[in-house]
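# Secondary and tertiary structure notes
The lines below spell out each chain.
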Amino acid sequence: MGFMMEKKLFWLQWIVLCILLLGAVVSSKHHGNPANDIVDIINKNRTSQRLQQLNNSPGLGCIALQFAEECKGNCTTNNTINCHPPEDDFTEVFAPNCGVELPTFGTISGHIVGCQHKYLEPLEAFSQALVRDKKSLSLLSNKTHTEIGVGVFRTHKGSYWCVLFSTSERNTSFVLEDLGQGIKQKKGCFSGTSTPCSSSGKRKTSVFFDYIFLVCFLYMLLSQVFYFNVL
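Notes on the structure in this doc start here. Everything quoted here is computed from the prediction, not taken from an experiment. (Residues numbered from 1 in each chain as written. Predicted model: local features only at pLDDT ≥ 70, side-chain atom pairs only at ≥ 80, totals over all residues. Heavy atoms only, no water.)

Counting its secondary structure elements, the protein chain contains 8 helices and 5 strands. Listing each helix as α and each strand as β along the protein chain from the N terminus yields α-α-β-α-α-β-α-α-β-β-α-β-α. The 231 residues of the protein chain split such that 41% are buried. In the protein chain, of all internal contacts separated by at least 6 residues, the share reaching a separation of at least 24 is 77%. Of the roughly 13,600 Å² that the protein chain leaves accessible, carbon and sulfur atoms contribute 60%. (Helix = DSSP H or I, 4+ residues; strand = E, 2+ residues; numbered from the N terminus. Buried < 20%, exposed > 50% of the residue type's maximum accessible area, 1.4 Å probe, protein only. Contact = heavy atoms within 4.5 Å. Areas by Shrake-Rupley, 256 points an atom, 1.4 Å probe, with all protein chains shown as cover.)

Here's what the structure looks like:
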């Protein structure tokens, strides 16, 4: 009877730990790349309107990140932004900062910039910071767009989002140097890459504790399995 109770307790612990592990896996999604999430949301929005999906360009995404960083500090109290970098900055500053090969610099056909004094999850950022008027909606549904790039930049004063659209030929414009690696960005994140967003100060700590949790889980599970196999 005692052995059966111990066995039931073991399986109960195992189920609880699996639930906790699932929670950790779900929460780990927040440690990914929100810029890619914005691209996915926009493409789903276009698909629902029977428009072609846009190519997720890392070169254009990195330029969007530079744009978002340039706008830091310009977020008003009502979360609106007025930021217009000089046009020359795109080819003389943003592209070189990213490692975009200048001969491949394409046509930027539109942009959307948004900000919030608090961090927003991608779906909230899409609806609350980026799509706030008819002009933004019109850009999203423009049939001539072929490529998209999204940049996210965070400071202690808020988050800044930038979406850039292009009508250039797919996969041949905004090409990054070093076989597509470009120049490593130390702040923020941009779409078209699997690199996690580096703009959150909590990210590394959260990932570290996720690993600790997984190690503890495996240790407890294996020790219980060993114990019952010995009996």
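Taking 1.5 Å of rise per residue, the 15 residues of helix 2 (residues 34-48) would be expected to cover 21 Å, and the 21 Å separating its terminal C-alpha atoms lies within 8% of that figure. Regarding helix 2, the residues found buried are Pro-34, Ala-35, Asn-36, Ile-38, Val-39, Ile-41, Ile-42, Asn-43 and Arg-46. Against strand 1 (55-56), helix 5 (122-130), helix 6 (134-140), strand 3 (147-155), strand 4 (158-166) and strand 5 (189-190) lie the buried residues of helix 2. Sitting at the amino-terminal end of helix 2 is Asn-33, which places a side-chain oxygen 3.0 Å from the backbone nitrogen of Ala-35. Of the residues flanking the end of helix 2, it is Arg-50, one or two places downstream, whose phi is positive at about 60 degrees. (Expected span 1.5 Å × (residues − 1). Polar contact = N/O pair within 3.5 Å; in protein donor to acceptor, adjacent residues only side chain to side chain.)

Among covalent bonds in proteins, the disulfide is the one between the sulfur atoms of two cysteines. Within the structure shown, the criterion is met by 3 disulfides. One disulfide bridge connects Cys-62 with Cys-98, the sulfur atoms lying 2.1 Å from each other. Here the disulfide of Cys-62 and Cys-98 is left-handed, its torsion about the S-S bond being about -95 degrees. You can see Cys-62 sitting in helix 3 (residues 58-70) and its partner Cys-98 sitting in helix 4 (residues 88-98), a full 36 residues away along the chain. (Disulfide = S-S within 2.5 Å.)

What follows covers the packing of helix 3 against helix 4. Following both chains from N to C, one finds helix 3 and helix 4 inclined at 115 degrees, their axes separated by 9 Å at the closest point. Relative to helix 4, the element helix 3 is oriented roughly perpendicular. Judged by the sense of rotation from one axis to the other, the crossing of helix 3 with helix 4 is right-handed. Counted together, Cys-62, Ile-63, Gln-66, Phe-67 and Glu-70 of helix 3 and Asp-89, Phe-90, Phe-94, Ala-95, Asn-97 and Cys-98 of helix 4 form the full contact between these two elements. Of the residues contributing to the contact of helix 3 with helix 4, the split by class is 7 nonpolar, 2 polar and 2 charged. (Axes fitted to C-alpha atoms, helices over the stretch in contact; angles between N-to-C directions. Parallel < 35°, antiparallel > 145°, perpendicular 65-115°, else oblique. Left-handed = near helix turned anticlockwise from the far one by under 90°. Nonpolar A, V, L, I, M, F, W, Y, C, P; charged D, E, K, R; others polar.)

Once that is clear, we can look at helix 3. With 13 residues, helix 3 extends 18 Å between its outermost C-alpha atoms, agreeing within 8% with the 18 Å of an ideal straight helix rising 1.5 Å per residue. With respect to burial, helix 3 is a largely interior element, 10 of its 13 residues being buried. Among the residues of helix 3, Gly-59, Leu-60, Gly-61, Cys-62, Ile-63, Ala-64, Leu-65, Gln-66, Phe-67 and Ala-68 are the ones counted as buried. Residues of helix 3 that are buried make contact with helix 4, strand 2 (108-116), strand 3, strand 4 and strand 5.

This next bit is on the pairing of strand 3. Within a regular strand, the side chains alternate between the two sheet faces. With 7 of 9 residues buried, strand 3 lies mostly within the body of the structure. With 9 bridges joining them, strand 3 and strand 4 adopt antiparallel strand pairing. Counted as the bridge partner of Gly-149 is Leu-164 from strand 4. Taken together, strand 3 and the strand that follows it, strand 4, pair antiparallel across an intervening segment of 2 residues. In terms of strand pairing, strand 3 meets strand 5 through 2 bridges, oriented antiparallel. (Pairing = 2+ DSSP bridges.)

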